[in-house]
Amino acid sequence: MPTWLWVLIIVLLILIVVYFVMGYKFFMFGLDKDSKVFASDNDASKSPWAKYEPKHSQEVAWLNSQKLDEVEILSGDGLKLHGHYYKNENAKRAVLCAHGYHGTWDGDFCSAALWLMKDCSVLFIDERCCGKSEGQYYTFGAHEHEDVILWSAWLDKMTDHKLPIYLYGISLGSATVLTCSDKKLPASVTGIIGDCGYTSMEDICASMAWRWFHIPGYPLVWFVAFWCKVKGHFSLYKANPKKALAHAKLPVLFLHGNADDFVLPKNSQINYDVCTSKKDLVWIEGAEHAAAHIIDPVKYEAAVEKFFAECESKK
């Protein structure tokens, strides 16, 4: 065998080993719940909500002071999943709220909670491996959307099958509920609201690799997918809102801040373009990631109220 061929084989083997290691590091850094991926995990002054203080903390405190029932269900793979349920005796509808990556139910929804709770019964869930829910790894919607389907059945039962139900998510929670758009859901599930969701786990991992570490997304994503399967026991490719939206069965409202530099606004544009059901896309000027309601609550709430009215007029 020629020397150059031996050199090529050795170089390729070294690259494969390097990418296996990098894929594992990226998996553990981005998906393990114990990873300190954000400085805010141990430094509140660097929290993405810091610029909205003290209002944000006051809203969190208000939400936690409300009468909320702590509830639990069991996931399909045997994890205890936790949520907070607000029962509104005069509810016009019920809303299931799914928070974002490294987010919390009260931190991500405290701004919108007062508005939602006026007319709705609201279920705030702890995504798996967050809050009081069990689990070790984020799956970027691969398992989370299955959890939401179970939660929606729970919520349907709690409302005696009488109220329209909406699935509402922010960031990872948005991608999660959007992935439910082509799935079998209770008949009472009426619409989906996705705020700053991404197109797929594959796309967001490739984007993060380049923007965070200046590493080409491919072939790194393929090795991350390997570790997702081997260590996380899920398929990276199953977390794919874009694919689900191409066969969407429910009306979808997309919202996104046009100043988002974490999940880029083009994600919602792509998701909107492929969505085959009744849809609308609303841009919130100047809003950064997950801050659309904080920046322009009037426009945000008007868009969602319009969506509610349109969906419910056909019921």
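Heads up: the structure comes first, above all this text.
The following refers to the structure shown. (Residues numbered from 1 in each chain as written. Predicted model: local features only at pLDDT ≥ 70, side-chain atom pairs only at ≥ 80, totals over all residues. Heavy atoms only, no water.)

Once that is clear, we can look at the overall build of the protein. Check the secondary structure of the protein and you find 11 helices and 8 strands. Taken over the C-alpha trace, the protein has a radius of gyration of 20 Å; the compact-globule value for 315 residues is 20 Å, and the two agree within 12%. Taking all 315 residues of the protein together, 54% fall into the buried category. Just so you have it, the protein exposes about 14,200 Å², and 60% of that area is on carbon and sulfur atoms. Averaging the locations of the 32 positively and 37 negatively charged side chains of the protein gives two centres separated by 5 Å. (Helix = DSSP H or I, 4+ residues; strand = E, 2+ residues; numbered from the N terminus. Rg over C-alpha atoms; globule rule 2.2 N^0.38 Å. Buried < 20%, exposed > 50% of the residue type's maximum accessible area, 1.4 Å probe, protein only. Areas by Shrake-Rupley, 256 points an atom, 1.4 Å probe, with all protein chains shown as cover. Lys, Arg positive; Asp, Glu negative; His and termini not counted. Charge placed at Lys NZ, Arg CZ, Asp CG, Glu CD.)

Taken in spatial order, the 8 strands make up an open sheet running β1-β2-β4-β3-β5-β6-β7-β8, and their pairing is mixed. Edge strands, defined here as strands with exactly one partner in the open sheet, are β1 (69-74) and β8 (279-284). Each neighbouring strand pair of the sheet contributes to a mean axis angle of 20 degrees, computed without reference to strand direction. When strand β2 (residues 80-86) meets strand β4 (residues 120-125), the two strands line up antiparallel, connected through 4 bridges. Each bridged residue has a counterpart across the sheet, and for histidine 84 the counterpart in β4 is phenylalanine 124. Across the sheet, helix α5 (residues 172-179) lies against β3 (93-98), β5 (165-170), β6 (189-195) and β7 (252-257), angled at about 140 degrees from β5, the strand it touches most. (Pairing = 2+ DSSP bridges. Axes fitted to C-alpha atoms, helices over the stretch in contact; angles between N-to-C directions. Contact = heavy atoms within 4.5 Å.)

The largest bend in helix α3 (residues 105-119) amounts to roughly 65 degrees and is located at serine 111. In terms of burial, α3 is largely enclosed, as 12 of its 15 residues are buried. All of the buried residues along α3 are Trp105, Asp106, Gly107, Asp108, Phe109, Cys110, Ser111, Ala112, Ala113, Trp115, Leu116 and Met117. (Bend = angle between axes of the 7 residues up to and from the residue.)

Next up on the list: the side chain of arginine 93. Structurally, the position occupied by arginine 93 is in strand β3. A polar contact is formed between the side chain of arginine 93 and the side chain of glutamate 312, at a distance of 2.7 Å. For arginine 93, the residues in contact, after removing those within four places along its chain, are Asp119, Cys120, Ser121, Leu163, Pro164, Tyr166, Glu305, Phe308 and Glu312. (Polar contact = N/O pair within 3.5 Å; in protein donor to acceptor, adjacent residues only side chain to side chain.)

This part is about the environment of glycine 23. Summarising the element assignment, glycine 23 is placed in helix α1 (residues 3-31). Along the chain, glycine 23 and valine 282 lie 259 residues apart, while their C-alpha atoms are 36 Å from each other. The residues touching glycine 23, leaving out its near neighbours within four places in the chain, are Leu220, Phe223, Val224 and Trp227.

Further remarks concern helix α7 (residues 217-230). The terminal C-alpha atoms of α7 lie 20 Å apart, and with 14 residues this matches the ideal 20 Å at 1.5 Å per residue to within 8%. Of all the positions in α7, only Gly217, Leu220, Val221, Phe223, Val224, Ala225, Trp227 and Cys228 are classed as buried. (Expected span 1.5 Å × (residues − 1).)

So, on to the nonpolar core. With 38 residues, the main nonpolar core has Phe124 and Tyr168 as its most contacted residues. At the level of secondary structure, the elements contributing two or more residues to this core comprise α2 (55-65), β3, α3, β4, β5, β7, β8 and α11 (297-312). In terms of residue count, the dominant contributor to this core is α3 (8 residues). Among the nonpolar cores identified, the runner-up in size contains 33 residues, and Tyr101, Tyr138, Val221 and Ala225 belong to it. (Core = buried A, V, L, I, M, F, W, Y, C linked by side-chain atoms within 4.5 Å.)

Right, let's get into the packing of aromatic side chains. Inspection of the entire model under this criterion finds 25 aromatic pairs. Measuring from ring centre to ring centre gives 5.3 Å for tyrosine 85 and tryptophan 154, while their planes differ by 90 degrees; the resulting arrangement is edge-to-face. On the criterion of sequence distance, the pair formed by tyrosine 85 in strand β2 and tryptophan 154 in helix α4 (residues 144-158) is long-range, its members being 69 residues apart. Taken individually, tyrosine 85 and tryptophan 154 each receive the classification buried, so the pair is uniform in this respect. (Phe/Tyr/Trp six-rings, centres within 6.5 Å; stacked < 30°, edge-to-face > 60°.)

What follows deals with the environment of asparagine 271. Position of asparagine 271 among the secondary structure elements: in helix α9 (residues 266-274). With a relative accessible area of 0%, asparagine 271 lands in the buried category. Discounting chain neighbours no more than four positions away, the residues touching asparagine 271 are Leu178, Gly197, Tyr198, Thr199, Pro241, Lys242, Leu245 and Phe254.

The subject of this paragraph is the packing of helix α6 (residues 201-213) against α7. Where α6 contacts α7, the two axes come as close as 9 Å, and the packing angle between them is 125 degrees. Between α6 and α7, the angle is such that the two are oblique. Considering how the two elements wind past one another, α6 and α7 form a crossing that is right-handed. The residues of α7 that touch α6, namely those facing Met201, Glu202, Cys205, Ala206 and Ala209, are Gly217, Tyr218, Leu220, Val221 and Cys228. Of the residues belonging to the contact of α6 with α7, the class tally is 8 nonpolar, 1 polar and 1 charged. (Parallel < 35°, antiparallel > 145°, perpendicular 65-115°, else oblique. Left-handed = near helix turned anticlockwise from the far one by under 90°. Nonpolar A, V, L, I, M, F, W, Y, C, P; charged D, E, K, R; others polar.)

In short, the description is geometric, and any link to function would need to be established separately.
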